[in-house]
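# Overview (structure and organization)
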Amino acid sequence: MDWQVIIVAAVVIASAIALFRHFHKTVKKPESACDSCSMKDQCSIGSSENKPQP
Amino acid sequence: MNLPAHRVHRRFRRRHGLSGLPSGQKFYRIALAGNPNSGKTSVFNALTGQRQHIGNYPGVTVEKKSGIVQIDDKLVEFIDLPGTYSLSAYSLEEVVSRDFVLNEKPDVVVDVLDSSNLERHLYLLLQFQELGVPIVGALNMTDEVEAKGVKIDSEQLSSILGIPFVKTVGSTGAGIERLLEVALKVAEGQLSSQKRHLNYGKQVELAHEAIIDTLMLDESFKERYSLHWIAVKLLEKDQDAIRKIENEHRLSAIVLQAAKDWRERLEREFGEDCEVIIGEQRYAYIHGAIKETVKISRRRQVVDFTENIDRIVLNRFLGIPIFLGVMFVIYQITFKLGNPLSDGVSIVFTHLSLFLTRILPSGPLQELLTNGIINGVGGVLTFLPLVVLLFLGLSFLEDTGYLSRAAFVMDKFFHIFGLHGRSFIPFMISTGCAVPGIMSARVLANQKDRKVTILVSPLMMCGAKAPVVAMLVAAFFPDHATIIFWSIWLFGWLMAFVIALIFKQSLFRGAQTPFVMELPPYRLPTLKNVFIHMWGKSSEYIKKAGTVILAASIVVWFLLSYPKVPTRTNDVSVENIPAIEYSFGGQLGKMVEPVLRWAGFDWKIGISLIAGVAAKEVIISTLGILYGIEARLSTDQPHVDFMVKNEIGKDQNYSPLMAIALMVFIMIYIPCIATLAMVKKELGSWKWPLFQAGYTLLVAFIMAVGIYQIGSLLGLGG
């Protein structure tokens, strides 16, 4: 099998899994969407990254 | 307070999942409370060294947040409670703050008070004092008050109220160390913070004592709550206190009957609601305390900058036009500065694509990198300058304090459509992202108002829809970009109002509640803040493009590239299908095309709209990939124009009329997955997000078809 096909297949599968995991996490914990929001610095409502850590 | 070591360990481990505290270490919990916009979050940041966002409009803190700091041998947890005007259980933030203080019993409550508005802010402090918790008052923003020639005698105030007061300036950190020192002394019992019972006058006191007598009939209840506070709350007819009695007092019927009888007697005697009688008494006490401790220098000429501007921007007739004008100016700046920068970003991607084509042999990997990743992610990233400038403008408005004014002037307008004035906060936050916008709807005390706000907030133009609309505007209306973009933004608001009105007239009928919006003083944002905002927005947009959008682009590219048309087949109908239409994505797009045709959309738009449910920016990346694949199929060359706007603008199948219908569709149709999940979380059932997805899809389709068909009949479709 062509090496390009193998790389592409791996990348596509990894992306599909990553996307599925992302949406699974979003459905379970929707406020996680705030972590990648452009207005994160503007709003402290949902982002867990904004939350102070011990 | 020194907790026994085992309790410290247990508490700390439970909260933070850590292995425990070193032996001998003391652990204290300090809650930060205060009215909305009292500068509480800035004091919290100064105390903890965190960078929570500080909003110059009320309602920024909806949930409590905490931060832990090590101070010498002490470990201190600071809890930032939501801003509240009182401790009555009217809204969720009041309940959150009150329940925390009642149930979690922090060692100290630091009440952050806006020194320029002491009368109202002391009202909350008095309620905390009645609750019987150790309290320290932080007289915040004293710099602003002193600049106006107002002097507060904090020592005198301390002796009158029996509570330590410390002057602070949260934004600069002045007085924070002293505040911490005093709070810790109170926590350790070295400094007293008196529990004080305010005298409400002879008749009220009589009623109060009688209710306490009935409350004392249950010994266990007596141990759990401050009876004095519960008695006052029962006289105020506080629903939460009544529920507590019903659920936790052994002789609840006797207590509630006594409270009811006394309440009715007082109301007969005073001719006023009991809550008003008690509230007036508190204010009278505060008024006296302020008279004794606040001195205004007559020599100093006070020029109130804020009042002068407010006279114009809060004008009954000018207020709304000014708000619309301000937004127009923001969009004008965004397009004027952003478009050339956007073109510059596309040049970078063009060179990157050409470089990859040169170094990689042709094949699926080269196609994935150029058509999939660069066209998809690059297409989204070209809008980075526009998005950053747009939200920088909104940040500026918020930081200056103008957004609160906008909420104030919009209040009447909100009421016309059956919405509560406070709905402005979720609406405005939704212009960044609907997810926190929906969470912030908790500021609405009335559940019907909250549900309506949650259901219509995603109709705002969010940070993900903005680049898609900007792309269509730049492609079809390059000479009128600002006015069209502004109109679409306004359309989102109007749709939210109209749909809210329909909901309020049908599904969520109910009385409206009054709205009190705090108007903070105008503040000029610092240059440092502007750069922090700019960096924050750019990095998050790039991060999103490099993660979710990247993964989605790769998957979309695969779905639009495979399966390939068989080279050897006997089926003539298959042979004649264009390769892209033979792909999974192409077939799906073709399936929905007959319906979407009514709105002027073809299968390419159809597949982009389906992909856009994941995240609206994916609409751009899908279109970028589609044009990339098409270009390669027709010329066998990599696609080098990463401005999707150029491609879509040149497409013969599309017209400006279709673009309008498409922008309207995108503004309304199904919110993204994150938004739907948040609606489920906030309203507790999947029925609401499903209803939201259904109604938005239906309304979007009807609107888009209506615009396209009527426009075509009028000859605008060419």
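Residues numbered from 1 in each chain as written. Chains lettered and ligands numbered in written order. Predicted model: local features only at pLDDT ≥ 70, side-chain atom pairs only at ≥ 80, totals over all residues.

## A look at the overall build of chain A
A tally of regular secondary structure across chain A gives one helix and zero strands. Out of the 54 residues belonging to chain A, those deemed buried represent 41%. (Helix = DSSP H or I, 4+ residues; strand = E, 2+ residues; numbered from the N terminus. Buried ≥ 20, exposed ≤ 12 C-beta atoms within 10 Å, placed from the backbone.)

## Some points on the overall build of chain B
Along chain B, the regular secondary structure elements total 33 helices and eight strands. Within chain B, the fraction of its 718 residues that count as buried is 51%. Residue pairs in contact within chain B that sit at least 24 positions apart in sequence constitute 72% of those at least 6 positions apart. (Contact = placed C-beta atoms within 7 Å.)

## Here we look at helix H12 (residues 252-270) of chain B
Residue and element names in this part refer to chain B. For H12, built from 19 residues, the straight-helix expectation of 27 Å at 1.5 Å per residue is met to within 8% by its first-to-last C-alpha distance of 27 Å. The complete set of buried residues in H12 reads Val 255, Ala 258, Ala 259, Trp 262, Arg 263 and Leu 266. Considered in projection along H12, the buried side chains sweep an arc of 130 degrees and stay on one side of the axis. Opposite the packed face of H12, turned more than 90 degrees from it, sit the exposed residues Ala 253, Gln 257, Glu 264 and Arg 268. Structurally, H12 contributes buried residues whose contacts are with helix H8 (202-215), helix H10 (227-235), helix H11 (239-248) and helix H13 (274-293). Just past H12, the residue Gly 271 takes up positive phi, approximately 70 degrees. (Expected span 1.5 Å × (residues − 1). Arc of directions from axis to C-beta.)

## Regarding the environment of Val 435 of chain B
On the secondary structure map, Val 435 of chain B appears in helix H20 (residues 434-439). Along the chain, Val 435 of chain B and Met 678 of chain B lie 243 residues apart, while their C-alpha atoms are 6.2 Å from each other.

## Remarks on the sheet that holds strand E5 (residues 135-140) of chain B
Residues and elements named next belong to chain B. On the basis of which strands lie adjacent, the open sheet formed by six strands has the order E2-E3-E1-E4-E5-E7 and mixed pairing. Because the sheet does not close on itself, it has two edges, and the strands there are strand E2 (65-71) and strand E7 (165-167). Here the strands of the sheet are splayed against their neighbours by 25 degrees on average, with no regard to which way each runs. Relative to strand E3 (residues 74-80), strand E1 (residues 26-34) runs parallel, the two being bridged by seven bridges. Each bridged residue has a counterpart across the sheet, and for Tyr 28 the counterpart in E3 is Val 76. This element, helix H4 (residues 118-131), spans E1, strand E4 (108-114) and E5 of the sheet and lies at about 165 degrees to E4. On the sheet, helix H7 (residues 176-187) packs against E1, E3, E4, E5 and E7 and is oriented at approximately 145 degrees with respect to E4. (Pairing = 2+ DSSP bridges. Axes fitted to C-alpha atoms, helices over the stretch in contact; angles between N-to-C directions.)

## A short note on helix H2 (residues 40-48) of chain B
Residue and element names in this part refer to chain B. Counted residue by residue, H2 has nine buried out of nine residues, so it is predominantly covered. Three or more residues of H2 are buried, namely Lys 40, Thr 41, Ser 42, Val 43, Phe 44, Asn 45, Ala 46, Leu 47 and Thr 48. Remark: Gly 49 follows H2 within two positions and exhibits a positive phi of approximately 75 degrees.

## Topic: the nonpolar core
All names here are of chain B. Val 469, Phe 485 and Ala 661 are the most contacted members of the largest nonpolar core, which totals 142 residues. Counting residues per element, this core draws most heavily on helix H24 (residues 527-561), which supplies 14 residues. Looking at this core, you find at least three residues from each of domain 3 (319-505) and domain 4 (539-713). Apart from residues lying up to four places away in sequence, Val 469 is in contact with Met 461, Phe 485, Ile 488, Met 663 and Ile 666. In terms of nonpolar packing, the next biggest core, distinct from the first, is built from 74 residues, Val 101, Phe 165, Leu 180 and Ala 207 among them. (Core = buried A, V, L, I, M, F, W, Y, C linked by C-beta atoms within 7 Å. Domains from an automatic or database assignment.)

## Details of the confidence of the model for chain B
Residue and element names in this part refer to chain B. With 88% of its residues at a pLDDT of 70 or more, chain B shows a mean pLDDT of 82. Residue range residues 1-13 is modelled with pLDDT below 50. Its contacts to residues more than four positions away, or to other chains, number 20 contacts. Of the regions scoring below 50 in pLDDT, residues 53-61 engages in 39 contacts with residues more than four places distant in sequence or in other chains. Predicted complex metrics record ipTM = 0.83 and pTM = 0.66. (pLDDT = per-residue confidence, 0-100.)

## Focus: the confidence of the model for chain A
Overall, the prediction assigns chain A a mean pLDDT of 74, with 61% of residues at 70 or greater. When the criterion is pLDDT under 50, residues 47-54 of chain A qualifies, and its contacts beyond four places in sequence or with other chains add up to 21 contacts.

## Things to note about the pairing of E3 of chain B
The buried fraction of E3 of chain B is high, at five of seven residues. Here E2 of chain B folds back onto E3 of chain B, and the loop between the two strands holds two residues, one of which, Asp 72 of chain B, carries a positive phi near 50 degrees.

## Focus: the pairing of E5 of chain B
All names here are of chain B. In terms of burial, E5 is largely enclosed, as six of its six residues are buried. Examined bridge by bridge, E4 and E5 share six bridges and lie parallel to one another. For Val 112, the partnering residue across the bridge sits in E5 and is Ala 138. In terms of handedness, the path from E4 via H4 over to E5 forms a crossover that is right-handed. Both E5 and E7 contribute to a ladder of three bridges, which runs parallel. Paired with Gly 137 across the bridge in E7 is Phe 165. (Right-handed = clockwise from strand over helix to strand, strands pointing away.)

## Digging into the packing of helix H15 (residues 319-359) of chain B against helix H16 (residues 364-381) of chain B
Residue and element names in this part refer to chain B. Where H15 meets H16, the axes come as close as 10 Å, and the angle between the chain directions of the two elements is 175 degrees. Looking at the two axes, H15 sits roughly antiparallel to H16. Between H15 and H16, the contacting residues are Val 345, Phe 349, Leu 352, Ser 353, Leu 356 and Thr 357 on the first element and Gln 366, Leu 369, Thr 370, Ile 374, Gly 378 and Leu 381 on the second. Taken together, the residues that form the contact of H15 with H16 break down as seven nonpolar, five polar and no charged. (Parallel < 35°, antiparallel > 145°, perpendicular 65-115°, else oblique. Nonpolar A, V, L, I, M, F, W, Y, C, P; charged D, E, K, R; others polar.)

## So, unusual backbone geometry
All names here are of chain B. The peptide bond linking Tyr 562 to Pro 563 adopts the cis configuration, its omega dihedral lying at -5 degrees. By the element assignment, Pro 563 lies in the loop between H24 and helix H25 (572-575). At Met 141, a position not held by glycine, the phi torsion is positive, near 60 degrees. A residue is classified by how many C-beta atoms lie within 10 Å of it, and Met 141, with 26 of them, is buried.

## A closer look at the environment of Glu 209 of chain B
You can see Glu 209 of chain B is positioned in helix H8. Separated by 19 residues in sequence, Glu 209 of chain B and His 228 of chain B place their C-alpha atoms 8.4 Å apart.

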